[in-house]
Amino acid sequence: MKTSIFLAIALVASSASAQVRIIQTNSMGDNIHLIDPKTNQIVAEVKGVPLNHGAAASPDGSRLYFSSEAEQTLDAVDGKTFQILKKIALTGRPNNISISKDGTRVYVGIVSAPGAVDVIDTGSLERVKSIPTKGGIHNTWVTPDGKFVVAGSIAGKLMTVIDQKTEEPVWTLAFDQGVRPVAFEVNPDGSTKRMFVQLSDYHGFAVVDVAQRKEVGRLELPNDIPAEKVDKGPFNGSPSHGIGVAPDGKTLWVTSRPNARVYTYSLPDLKLLPNPVDLGGRPDWVTFTPDSKLLYIATENTDSVVVVDVTARKEVARIKVGRSPKRNITMVQR
Amino acid sequence: MSAAEVVSAFRRTLLIAGSACLLAGAIITAADDLPDGEGKKILEKSCTTCHDLTEVTKLRGFYTRAQWRDVVVTMKEYGATVDDKQVDVLTDYLTTNLGKK
């Protein structure tokens, strides 16, 4: 009884002192911005990561990691001072990154042929392994339960699922187009139920049933704006390049570059909801606050981040960041 | 509004317009200051189908020839219409004009 009261107090104290930050990379800059969702103001900046691509944060927010396409390094950054601790050389040109649930490993997608996932040990800040893949890797994700690392290849048109503990590939799934951003829907036990996969040159997303290990459907985004207002691109081969499941699991949000909008689908029925949000620019990645109340969408050609009220599906703020913002994540500092 | 205020406002407008023109010029130069050549023709024909030239020029000064070749090969794998001979021509062009010094 005493223990559970103590735990409850500790949890309340911990959540009360927790600090949420939206981390916004700038793909054509050498800086990264941290946004406080309470004020929607930039509160910190990381400098010295040229052409930063992916971002990851340790579970307690004490350490940040960014991949630099220009220097072909993974840069480890102190979560308090925002100074670079070390630039870790990679086996090739990096794209996106992810971190294990316990924060001990960072998985870096290496897009250079023949492709690999470089594994960084966060204790020693050394590259300890390179997992070969079929095709260069654009994105890596750790599944919400932490059990698998999912690596998507554009060139290989392949998704490789890696066991996080053994760091060995366990299954692959082929597509007819390159694998772009992926979002995860979970079962009640936390395991992954479905993956929503954006694909090269497809204005929508594929639905993958994880138990069956196969694609079970595709949903194309609406063509619901006047033709003269449709952005004709080019879109780097990715007309839809941002997707995310809200932390409460109730909705899926998908961005459209041609329509400069974000669309919402209810879960689990994948029904398109009304009132897409106009973003005023080409949208990229999306990330949520942990309470599922706010959504942050990078819009690369306006150098800004649009903040959307999830319930109202309305823009509530627009924050100027750096050059060509694309990937973003949410960090909780404890 | 007095005449002096009108002139002052006009001067401010000219200054802002002039600054905007200079900025626009700088942006255009950044994307378009690559010299003519076979490599530029390939760049403009095969690369801009999918992305703006700034996706290439952003890497200015960072990559060696081997790294530029890696970029070109990756783009070919992504579907860029570049044949094997053009891979080398484009790699040389990028190394010469945007490569690490």
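The written sequence of each chain sets the order in which its residues are numbered from 1. Throughout, the order in which chains and ligands are written sets their labels, letters from A for the former and numbers from 1 for the latter. Selection of residues for local features in this predicted model requires a pLDDT of at least 70, selection of side-chain atom pairs for listing and counting requires 80 or more, and totals for whole chains, interfaces and linings are taken over all residues.

Caption draft 1: Spatial organisation of the interface of chain B and chain A. Residue pairs qualify as contacts under a 7 Å threshold applied to their C-beta atoms, which are placed from the backbone. The interface of chain B with chain A comprises 15 residues on the first partner and 15 residues on the second. Where the side of chain B that touches chain A is concerned, the elements lending two or more residues are α3 (54-57) and α4 (65-78) of chain B. Any residue outside Ala, Val, Leu, Ile, Met, Phe, Trp, Tyr, Cys, Pro, Asp, Glu, Lys and Arg is labelled polar, Gly included; the first ten of those are nonpolar and the last four are charged. Tallied by class, the residues present in the side of chain B that touches chain A amount to five nonpolar, five polar and five charged. Helix and strand assignments follow DSSP, with helices taken as H or I runs no shorter than four residues and strands as E runs no shorter than two, numbered in order from the N terminus.

Caption draft 2: Spatial organisation of the nonpolar core. By convention in this section, buried Ala, Val, Leu, Ile, Met, Phe, Trp, Tyr and Cys residues joined through C-beta atoms within 7 Å make up a nonpolar core. Any residue with 12 or fewer other C-beta atoms within 10 Å of its own C-beta is exposed, any with 20 or more is buried, and the rest are partly exposed; the C-beta atoms used are placed from the backbone. Val 117 and Ile 297 of chain A are the most contacted members of the largest nonpolar core, which has 82 residues in total. With five residues, strand β26 (residues 294-299) of chain A is the single largest residue contributor to this core. Not counting chain neighbours up to four residues away, the residues in contact with Val 117 of chain A comprise Tyr 107, Val 108, Gly 109, Ile 110, Ile 131, Thr 133, Ile 137, Thr 140, Val 149, Ala 151 and Ile 162 of chain A. Listed in part, the 15 residues of the second largest apolar core include Ile 42, Tyr 63, Trp 68 and Leu 90 of chain B.

Caption draft 3: Highlighting α4 of chain B. Residue and element names in this part refer to chain B. The end-to-end C-alpha distance of α4, which contains 14 residues, comes to 20 Å, matching closely the 20 Å that a straight helix rising 1.5 Å per residue would cover. Of all the positions in α4, only Gln 67, Trp 68, Asp 70, Val 71, Val 72, Thr 74, Met 75 and Glu 77 are classed as buried. Looking at the buried residues of α4, the elements they touch are α2 (38-47) and α5 (84-98). Directly after α4, the chain includes Gly 79, whose backbone phi takes a positive value near 120°. Here the expected span of a helix is defined as 1.5 Å times the quantity of residues minus one.

Caption draft 4: Layout of the packing of α2 of chain B against α5 of chain B. Residue and element names in this part refer to chain B. Orientation is described by lines fitted to C-alpha atoms, with helices fitted over the stretch in contact, and by angles between N-to-C directions that extend from 0 to 180 degrees. It is at 8 Å that the axes of α2 and α5 come closest, and there the two elements cross at 105°. Overall, the two elements α2 and α5 adopt an arrangement that is roughly perpendicular. Residues Glu 38, Gly 39, Lys 40, Ile 42 and Leu 43 of α2 form the contact with α5, whose participating residues are Gln 86, Val 89, Leu 90, Asp 92, Tyr 93 and Leu 94. Tallied by class, the residues present in the contact of α2 with α5 amount to six nonpolar, two polar and three charged. For classification purposes, angles smaller than 35 degrees are called roughly parallel, those larger than 145 roughly antiparallel, those between 65 and 115 roughly perpendicular, and all remaining angles oblique.

Caption draft 5: Focus on the environment of Ser 112 of chain A. Secondary-structure assignment places Ser 112 of chain A in the loop between β9 (105-110) and β10 (116-121). Here Ser 112 of chain A falls in the buried class, since 22 other C-beta atoms lie within 10 Å of it. Through-space distance from the C-alpha of Ser 112 of chain A to that of Asp 30 of chain A is 21 Å; in sequence the pair is 82 residues apart. Leave out the neighbours within four places in its chain, and Ser 112 of chain A touches Gly 92, Arg 93 and Gly 136 of chain A together with Asp 70 and Thr 74 of chain B.

Caption draft 6: Structural context of the packing of α4 of chain B against α5 of chain B. Residues and elements named next belong to chain B. Closest axis-to-axis distance for the α4/α5 pair is 9 Å, and the angle between their directions is 135°. In terms of their interaxial angle, α4 and α5 are classed as oblique. For α4 against α5, the interelement crossing comes out right-handed. Listed contacts from α5 to Arg 65, Trp 68, Arg 69, Val 72, Val 73 and Lys 76 of α4 are Val 87, Leu 90, Thr 91, Leu 94 and Thr 95. Crossings are classed by handedness, with left-handed meaning an anticlockwise turn of the near helix from the far one by less than a right angle and right-handed meaning a clockwise turn.

Fair warning: the whole summary comes from geometry, so function is off the table for now.
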